Amino acid sequence: MSGSGERQHVPVQGAPCWVNLMVADLDVARAFYGEVLGWRFRPSSLDDQFLVATAGGDPVAGLAARRPGLAPTSVWTPYFAVRDADTTAARIRERGATVAVGPMSVGDGRVGLAADRDGATFGFWEGYTLAWSPGEGRMPTRLDLQTRDVFEAAVFYGEVLGWTTEEDIDIDYRNDHVLVTLRDRVILSLRGGGVQTSPLTHLRPRWLVNFAVDDVERSISAAMSAGGSRPQPSSATWTPKGFSRTLQDPDGGLFTLVHQEF
């Protein structure tokens, strides 16, 4: 997302354009993610309680103090670029999902927060964004949707975000998952495994925000030392180049560490 004075660009419609975390204690979150992911932080022009995390000088994520009345749980939330926030909100409601916040004006744009039909939380943004481009290699995260029905979810998000009408975005239906690509690069996947009735937060339908690191084990050690924890049962997925691990930050926010080379 953007604010006056920030370096801006025009996002690809329907593509992820930001990730954000609302936290109870901004200082604790800043120290934790700085230690685990090596991020630096700068103030945002949007709000003095909103920080922009940077890696190598590029903006990568937002951390904001949770306001009174919002859900007490910290959740990493992806935001998708849309041409018209009101139209997007209407599409969400028409398809039986929920718009929880907005659309409302924030800085130079308009934003909304929603939950799909299975309860996975996501946001949408109308306006310019920070210079954060998944199609040009500056996106340090990959997004995965853990959902109940992969193909039903693909239809929902495709219609809400306009994937089928955006020429730079392609949807690749596989046997058991769906890949969404932007200019031939995979930017997100939709996968099964979400259990709506699970008492364990990390097993419910949700968007997984995967942060790339050079050494997963070293970052796990840093997370444990900085006050993080492993959700139980612990979840690790092996890949040919390493493995991914889902962790919790000190405020309970779930995130996944993955090897730098996806």
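Located above this text is the structure these notes cover.
Since the structure is predicted, the reported quantities are computational estimates derived from the model, not experimental observations.

## A word on the side chain of Thr256
Piece 1. Turning to its location among the elements, Thr256 is positioned in strand β18 (residues 254-259).
Piece 2. Every residue in contact with Thr256, bar those within four places of it in the chain, is listed here: Val209, Asn210, Phe211, Ser244, Arg245 and Thr246.

## Comments concerning the environment of Gly192
Piece 1. The residue Gly192 is located in the loop between β14 (185-191) and β15 (206-213) in this model.
Piece 2. For Gly192 and His177, which are 15 residues apart along the polypeptide, the C-alpha to C-alpha distance reads 7.1 Å.
Piece 3. Setting aside its immediate chain neighbours within four residues, Gly192 contacts Gln146, Thr147 and Val150.

## Here's the deal with a nonpolar patch on the surface
Piece 1. Residues Phe151, Val155 and Tyr173 make up a contiguous nonpolar surface patch of roughly 270 Å² in combined accessible area.
Piece 2. Here Phe151 is to be found in helix α3 (residues 150-161).

## Observations concerning the pairing of strand β6 (residues 76-81)
Piece 1. Among the six residues of β6, six are classified as buried, and the element is accordingly described as predominantly covered.
Piece 2. Relative to β6, strand β2 (residues 16-23) is paired through five bridges, and the arrangement is antiparallel. Note that in β6 the partner of Asn20 across the bridge is Thr77.
Piece 3. In the sheet, β6 pairs with strand β9 (residues 121-126) via three bridges, with the strands oriented parallel. Opposite Ala81, over in β9, you have Trp125 as the bridge partner.

## Some details on unusual backbone geometry
Piece 1. A cis geometry characterises the amide bond from Gly102 onward to Pro103, with omega recorded as 5 degrees.
Piece 2. As for its position among the elements, Pro103 is in strand β7 (residues 98-106).
Piece 3. In this structure, Arg183 takes a positive phi of about 50 degrees despite not being glycine.
Piece 4. Its location among the elements puts Arg183 in the loop between β13 (177-182) and β14.
Piece 5. Overall, the relative accessible area of 40% leaves Arg183 in the partly exposed class.

## Concerning the pattern of salt bridges
When charged atoms on two side chains of opposite charge get close, those side chains can pair.
Piece 1. Under the criterion given, the structure shown has 10 salt bridges.
Piece 2. Residue Arg30 is joined to Asp27 by a salt bridge in which the shortest nitrogen-to-oxygen separation is 2.6 Å. Highlighted residues: Arg30 and Asp27, both in helix α1 (residues 26-37), separated by three residues, approximately one helical turn.
Piece 3. Classification of Arg30 by relative accessible area gives partly exposed; the value is 34%.
Piece 4. In this structure, a network of salt bridges that share partners links the residues Glu94, Arg95 and Glu159.

## A few points about the packing of α1 against helix α4 (residues 216-225)
Piece 1. Relative to each other, α1 and α4 sit at 155 degrees, their axes nearing to 8 Å. The angle between the axes of α1 and α4 places the two elements in the roughly antiparallel class. Both α1 and α4 take part in a crossing whose hand is right-handed. Contact residues: Phe32, Glu35 and Val36 in α1; Ser219, Ala222 and Ala223 in α4.
Piece 2. Classifying every residue of the contact of α1 with α4 by side-chain character gives four nonpolar, one polar and one charged.

## A short note on the nonpolar core
Burial of nonpolar side chains together is a common tendency in soluble globular proteins.
Piece 1. One finds Trp39, Trp76, Tyr157, Leu188, Leu190, Trp207 and Leu257 to be the most contacted residues of the largest nonpolar core, which totals 56 residues.
Piece 2. At seven residues, α3 tops the list of elements feeding residues into this core.
Piece 3. Once residues lying within four places of it in the same chain are set aside, the contact partners of Tyr157 are Asp116, Ala120, Phe122, Leu145, Gly162, Trp163, Leu190 and Trp207.
Piece 4. Ranked by size, the runner-up nonpolar core spans nine residues in total, among them Val52, Ala64, Ala81 and Trp125.

What counts as what
- Residues numbered from 1 in each chain as written.
- Predicted model: local features only at pLDDT ≥ 70, side-chain atom pairs only at ≥ 80, totals over all residues.
- Heavy atoms only, no water.
- Helix = DSSP H or I, 4+ residues; strand = E, 2+ residues; numbered from the N terminus.
- Contact = heavy atoms within 4.5 Å.
- Patch = residues over 30% accessible without salt bridge, like charges linked within 9 Å, V, L, I, M, F, W, Y side chains within 5 Å.
- Areas by Shrake-Rupley, 256 points an atom, 1.4 Å probe, with all protein chains shown as cover.
- Salt bridge = Lys/Arg side-chain N within 4 Å of Asp/Glu carboxyl O.
- Buried < 20%, exposed > 50% of the residue type's maximum accessible area, 1.4 Å probe, protein only.
- Pairing = 2+ DSSP bridges.
- Axes fitted to C-alpha atoms, helices over the stretch in contact; angles between N-to-C directions.
- Parallel < 35°, antiparallel > 145°, perpendicular 65-115°, else oblique.
- Left-handed = near helix turned anticlockwise from the far one by under 90°.
- Nonpolar A, V, L, I, M, F, W, Y, C, P; charged D, E, K, R; others polar.
- Core = buried A, V, L, I, M, F, W, Y, C linked by side-chain atoms within 4.5 Å.

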